[in-house]
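Results of the structural survey
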Amino acid sequence: MTSINNEPEAVLYPQDASVVLDEMRYDQDLTAPNQEPVEEVSLEEKELVAQVARDERAYELEVRQHEMEKVLVKEEIHASSHMEQFDYSGPLMAFLTIAIIVGLAYLAQKQIYNMSHNPAPPTGVVIDNTAPLPRAVPAYPTVLVQPSNNPNQAPSPLPPAATTN
């Protein structure tokens with residue numbers, strides 16, 4: 001099917017017609033009951049109403065897009081006008097930062113040079129006579145054992161009197 005302008009007609013989907021009908025109901029005064037008789041609407045009229053609604057929506061979207069483009073162009077022009085004005089605060093801050101870093105590096109180099117060429121005198125207490133260190137004592141006493149000639153018999157410890165030799 002083609003319309004009067006030789007353009008293919010869009011297929012009317014039920015959800016499109018329901019949206020248009022919902023909009024029509026919304027426009028009515030909901031407080032007063034509708035006493036008018038219901039008119040039967042042909043499919044062509046429904047399709048025409050849906051097409052008008054789609055066209056209005058497309059026009060609204062186009063107008064919004066055009067307004068947004070205007071705003072973006074205006075902001076772009078506004079931003080470029082700021083860029084034309086040169087401000088010395090950025091280079092000034094960069095110069096100050098570099099000057100501080102160079103100053104700290106110079107002081108650190110000077111301090112390192114002084115430390116390496118002028119060693120500090122030794123400090124602390126010199127001890128002439130040290131205290132005697134404690135002697136290590138084993139945790140367990142030494143026990144002497146008498147070996148056995150029999151491999152099945154364990155060695156036996158010697159009596160304590162024998163260890164004092």
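Note that this is a predicted model, so its numbers are computed, not measured. (Residues numbered from 1 in each chain as written. Predicted model: local features only at pLDDT ≥ 70, side-chain atom pairs only at ≥ 80, totals over all residues. Heavy atoms only, no water.)

The next point concerns the confidence of the model for the protein. Averaged over all residues, the pLDDT of the protein is 78; the fraction at 70 or higher stands at 67%. Across the protein, element-level confidence peaks in helix α3 (residues 89-117) with a mean pLDDT of 93 and bottoms out in helix α4 (residues 160-163) with 58. (pLDDT = per-residue confidence, 0-100. Helix = DSSP H or I, 4+ residues; strand = E, 2+ residues; numbered from the N terminus.)

Overall, the coordinates contain one salt bridge when judged by the stated rule. Put simply, E60 and R57 hold a salt bridge, and the shortest N to O gap is 3.8 Å. Separated by three residues within a single helix, E60 and R57 lie in helix α2 (residues 43-84), roughly one turn from each other. What makes E60 partly exposed here is its relative accessible area of 37%. Accessibility expressed as a relative area gives 41% for R57, which makes it partly exposed. (Salt bridge = Lys/Arg side-chain N within 4 Å of Asp/Glu carboxyl O. Buried < 20%, exposed > 50% of the residue type's maximum accessible area, 1.4 Å probe, protein only.)

A cluster of nonpolar residues, L92, M93, F95 and L96, forms a patch on the protein surface that exposes about 430 Å² of accessible area. Along the chain, L96 turns up in helix α3. Exposure remark for L96: the relative accessible area of 40% places this residue in the partly exposed category. (Patch = residues over 30% accessible without salt bridge, like charges linked within 9 Å, V, L, I, M, F, W, Y side chains within 5 Å. Areas by Shrake-Rupley, 256 points an atom, 1.4 Å probe, with all protein chains shown as cover.)

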